[in-house]
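# Examining the three-dimensional arrangement
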Amino acid sequence: MNARPRLGVLLAAVATLTAVVVPSAAARPLSAAPGTAVLDGARLQQTKLRLHDGDPQLRRALGNLTTRADNWLNQGPWTVVDKPKPSPGGDVHDYLSQAPYWWPTTTPTADNPWGCPYVQRDGQRNPEVDTGTDRQDVEKVFDSTYDLALAWYYTGDKRYAQKAGQVLRTWFLDPATRMNPNLNHAQFIPCKYDGRAIGIIDFSQSYTSVVDALAILATGAPGWTKTDRTAMTKWNSDFLGWLKNSDFGKAEGAAANNHGTFYDMQLAALAYATGDKALAKRTVLDARAKRIDPQIAGDGSQPQELARTRSWHYSTFDLVAYTRLAAIGRHVGVNLWTYQGSDGQALLKAVDYLLPAATGAVPWPHPELEFYRYAASDIVHAAADAGDAQARSAVPKLQTPPGGDLWALRPAAEQLDSIAG
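Residues numbered from 1 in each chain as written. Predicted model: local features only at pLDDT ≥ 70, side-chain atom pairs only at ≥ 80, totals over all residues. Heavy atoms only, no water.

## With respect to the overall build of the protein
Helix and strand counts for the protein stand at 16 helices and 4 strands. Relative to the 2.2 N^0.38 estimate, which gives 22 Å for 421 residues, the radius of gyration of the protein is 24 Å and therefore close to what a compact globule would have. Taking all 421 residues of the protein together, 52% fall into the buried category. Only carbon and sulfur atoms are counted for the fraction: they give 53% of the accessible area of the protein, which is about 18,000 Å². (Helix = DSSP H or I, 4+ residues; strand = E, 2+ residues; numbered from the N terminus. Rg over C-alpha atoms; globule rule 2.2 N^0.38 Å. Buried < 20%, exposed > 50% of the residue type's maximum accessible area, 1.4 Å probe, protein only. Areas by Shrake-Rupley, 256 points an atom, 1.4 Å probe, with all protein chains shown as cover.)

## A few points about the pattern of salt bridges
Applying the stated criterion to the full structure yields 15 salt bridges. A salt bridge links Arg-43 to Asp-385; the shortest N-O distance between them is 2.8 Å. Of this pair, Arg-43 sits in helix α2 (residues 41-52) while Asp-385 sits in helix α15 (residues 377-385), placing them 342 residues apart in sequence. Looking at Asp-385, the relative accessible area reads 43%, which means it is partly exposed. Of the charged contacts, one joins Asp-228 and Arg-169 as a salt bridge, the two residues approaching to 2.8 Å between their closest N and O atoms. (Salt bridge = Lys/Arg side-chain N within 4 Å of Asp/Glu carboxyl O.)

## Some details on the packing of helix α10 (residues 258-273) against helix α13 (residues 311-331)
The interhelical angle for the contact between α10 and α13, taken along N-to-C directions, is 25 degrees, at an axis separation of 9 Å. Looking at the two axes, α10 sits roughly parallel to α13. The element α10 and its partner α13 pack so that their crossing is left-handed. The residues of α13 that touch α10, namely those facing Asn-258, Thr-261, Phe-262, Asp-264, Met-265, Ala-268, Ala-269 and Tyr-272, are Tyr-314, Phe-317, Asp-318, Val-320, Ala-321, Tyr-322, Arg-324, Leu-325, Ile-328 and His-331. Per-class residue counts for the contact of α10 with α13 are 12 nonpolar, 3 polar and 3 charged. (Axes fitted to C-alpha atoms, helices over the stretch in contact; angles between N-to-C directions. Parallel < 35°, antiparallel > 145°, perpendicular 65-115°, else oblique. Left-handed = near helix turned anticlockwise from the far one by under 90°. Contact = heavy atoms within 4.5 Å. Nonpolar A, V, L, I, M, F, W, Y, C, P; charged D, E, K, R; others polar.)

## A word on the packing of aromatic side chains
Under the defined criterion, the tally for this structure stands at 21 aromatic pairs. With centroids separated by 5.9 Å and ring planes inclined at 80 degrees, the aromatic side chains of Tyr-314 and Phe-317 adopt a geometry described as edge-to-face. Of this pair, Tyr-314 and Phe-317 are both found in helix α13, 3 residues apart, which corresponds to roughly one turn of the helix. Each of the two residues, Tyr-314 as well as Phe-317, counts as buried. Between Tyr-372 and Tyr-374, the aromatic rings sit 5.6 Å apart at their centres with planes inclined by 35 degrees, giving tilted as the arrangement. Its relative accessible area of 13% is what places Tyr-374 among the buried residues. Here the aromatic cluster, defined as three or more aromatic residues joined through ring pairs, consists of Tyr-95, Phe-142, Phe-172, Phe-203, Tyr-207, Trp-235, Phe-239 and Trp-242. Sitting over the ring of Tyr-153, Lys-48 keeps its end group 4.5 Å from the ring centre. Cation over ring: Arg-159 sits above Tyr-160, and NZ or CZ is 5.4 Å from the ring centre. (Phe/Tyr/Trp six-rings, centres within 6.5 Å; stacked < 30°, edge-to-face > 60°. Lys NZ or Arg CZ within 6 Å of the ring centre and 35° of its normal.)

## Remarks on the confidence of the model for the protein
In this model, the protein carries a mean pLDDT of 91, and residues with pLDDT of at least 70 account for 92%. Contacts of residues 1-27 to residues separated by more than four positions or lying in other chains number 4 contacts, the stretch itself having pLDDT below 50. (pLDDT = per-residue confidence, 0-100.)

If you want it as structure tokens, here you go:
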């Protein structure tokens, strides 16, 4: 056989192989883009198609995601009604969390189950904070539903959707186990305060992940019914009402540090998810003068967060809220990334301020009890996606977070180091 016939046979074989390996456009999975509040639903949809087409980078990330989701399959569900001690109001359906640095002064008894009075030991975490209240359980609810919903969306494995539905129904919907839609007893101090406004951050730091998980499940997740969707929308509407109108909600909204930023982010996400897009847009717009101007300096530093003993953690923490708020802004026509205050305050500058330490080029020059370089990874990804050339150059130099870099599958910043305390 001469060279030309051999070449023809080879090309025919390649054509046949290509037809088998690369699916046609008609064979690619078509599904609605999720109506997410923080995540970009259209981007998730395109990522799903790229996964189907065999993108190797995404396949590796998917392996990390499904490992996380698999770990949740045999855990939970969790409920507010099984805490060992009731909330100060006596309703087991009320969420309860405890101020971390306050300690009992006497041995608990039947008449004094908390061991009151409590005294403050600054910086010393009371272990009952993690065993006697709902705080750790609710964080598992937030993390599991997000991981499981994303894993179902990308793989189609109904086990993930069914588990997410079980977790959500148990914590939020079932009459016997549901949580009341308020945070009246968050970060309470036994015998001193029944709850505190700052306790709202127990939810605001992560609940928007649940909001997006709900939108993902609403694209057709097995076992997640129209009744479930309607009931969760009602819960979110009631919770939004409490955030807007309660004294605690108003106080947290007036906070001038990361508490206020996270409050706005949660408010805007819930407003968007429940149909009040005007409130969502107004909240993002107001964050320019209300949050960025007073909280970010002209050089990009965040003075209030730098004053903390964990200045790196809180600088990245506040920027998680800002970058997620900017993502919500994208859905309502507000570009928070391009805003610049009269003294040069800007979200992009705040991210760029972290880049030397985030890339390992120089040590972080401020107080930090537990420096984890990877804490900035998602924030830098967000700025890079927003068009920041410095951040884009920094991405290859970032430290991979524990469990792998999931940005390609869930491009919205998470707090990657510990938020305890």
